[in-house]
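# Structure assessment
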Amino acid sequence: MQFRTGTNDDVSTLWALRTRCVRELCSSHYPPEVIAPWSASPPPVQYSRLLGQGGCVVAEDDRGDVLGFGVLDAEGNEIDALFVDPAQGGQGVGQALMQRLLAMADPTREVVLSASLNAVPFYQRQGFVAEREELYPHPSGVALASVKMRRPA
């Protein structure tokens, strides 16, 4: 496994992986009427900004196939996204990406994120603590049940 900084040229590939993850992994915790609009939504405007600032880490195999990616919003010290190819689950890709994102974060501030319900156990294993459940107003128009989490500095 190798890592590189994601660029704006990667947006369509990364978004396709994200969409696959929403459909295949999140469906265990969300009903079809939430999955459909969530998975059909286009990349958010901030992705170009975050990737342009070097806030994206991409994990690839030795053939250059994307195994997963993570995005850090340095301004908010927030993990904006972390997705791993469903076929690669449980093989350490997510943990390796998280370590790289945490290394990019400001070590003097807590790191925050909003976790999908299916991802909460993963983030807890990475040292994040659940603060509260919330409804995230997703740009697709659905209110996504999620968990606000933090990792102390």
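Definitions and cut-offs
- Residues numbered from 1 in each chain as written.
- Predicted model: local features only at pLDDT ≥ 70, side-chain atom pairs only at ≥ 80, totals over all residues.
- Heavy atoms only, no water.
- Helix = DSSP H or I, 4+ residues; strand = E, 2+ residues; numbered from the N terminus.
- Buried < 20%, exposed > 50% of the residue type's maximum accessible area, 1.4 Å probe, protein only.
- Lys, Arg positive; Asp, Glu negative; His and termini not counted.
- Salt bridge = Lys/Arg side-chain N within 4 Å of Asp/Glu carboxyl O.
- Contact = heavy atoms within 4.5 Å.
- Core = buried A, V, L, I, M, F, W, Y, C linked by side-chain atoms within 4.5 Å.
- Expected span 1.5 Å × (residues − 1).
- UniProt positions renumbered as here; feature names shortened; annotations may be inferred.

### Re the side chain of K148
Within the secondary structure layout, K148 lies in strand β7 (residues 143–151). An unpaired buried charge is present at K148: no salt bridge exists, and E78, the closest side chain of opposite charge, is 4.2 Å distant. Beyond its immediate sequence surroundings of up to four residues, K148 is in contact with E78, L113, V129, A130, E131, R132 and E134.

### Quick look at the environment of S48
Relative to the helices and strands, S48 is located in helix α3 (residues 46–52). Note on S48: relative accessible area 43%, which makes it partly exposed.

### Observations concerning the side chain of D10
You can see D10 is positioned in the loop between β1 (2–5) and α1 (11–24). According to the relative accessible area criterion, D10 is buried, its value standing at 11%. With residues up to four places along the chain from it excluded, the contact list for D10 reads R4 and T5.

### A few points about the nonpolar core
One recurring pattern in soluble globular proteins is that nonpolar side chains are buried together. If you look at the biggest cluster of nonpolar residues, it comprises 23 residues, and the most contacted ones within it are I79, L82, M98, Y123, F128 and M149. Taken together, the elements giving at least two residues each to this core come down to β2 (56–60), β3 (66–73), β4 (78–84), α4 (93–104), β5 (111–116), α5 (120–125) and β7. Examining the composition of this core, we find that 5 residues originate from one element, α4, more than from any other. Contact partners of F128, with chain neighbours within four places excluded, come to I79, M98, L102, V111, L113, Y123, M149, R150 and R151. Counting residues in each nonpolar core, the second largest holds 15 residues, with V11, L14, C56 and V71 among its members.

### Section: the pattern of salt bridges
Oppositely charged side chains can form a pair if their charged atoms are brought close together. All told, the structure shown has 11 salt bridges when counted by the stated rule. Ionic pairing is found between R63 and D61, a salt bridge with its closest N-O pair at 3.5 Å. On the basis of relative accessible area, R63 is assigned to the exposed category, the value being 66%. Take D61: its relative accessible area is 16%, and that puts it in the buried class. For the salt bridge of R109 with D106, the shortest nitrogen-to-oxygen distance reads 3.8 Å. In this structure R109 comes out as partly exposed when scored by relative accessible area, which is 33%. In this structure D106 comes out as partly exposed when scored by relative accessible area, which is 27%. The structure contains a network of salt bridges with shared partners spanning E131, R132, E134 and R150.

### Topic: α4
Counted at 1.5 Å a residue, the expected span for α4 with its 12 residues is 16 Å, and the 17 Å between its end C-alpha atoms agrees. Turning to α4, its buried residues are V93, G94, A96, L97, M98, L101 and L102.

### What about the UniProt feature "domain: N-acetyltransferase" (unreviewed entry) in the protein?
Under the local residue numbering, the UniProt record ascribes the feature "domain: N-acetyltransferase" (unreviewed entry) to residues 1–153. Across residues 1–153, the secondary structure splits into 31% helix and 31% strand, with the terminal C-alpha atoms separated by 28 Å.

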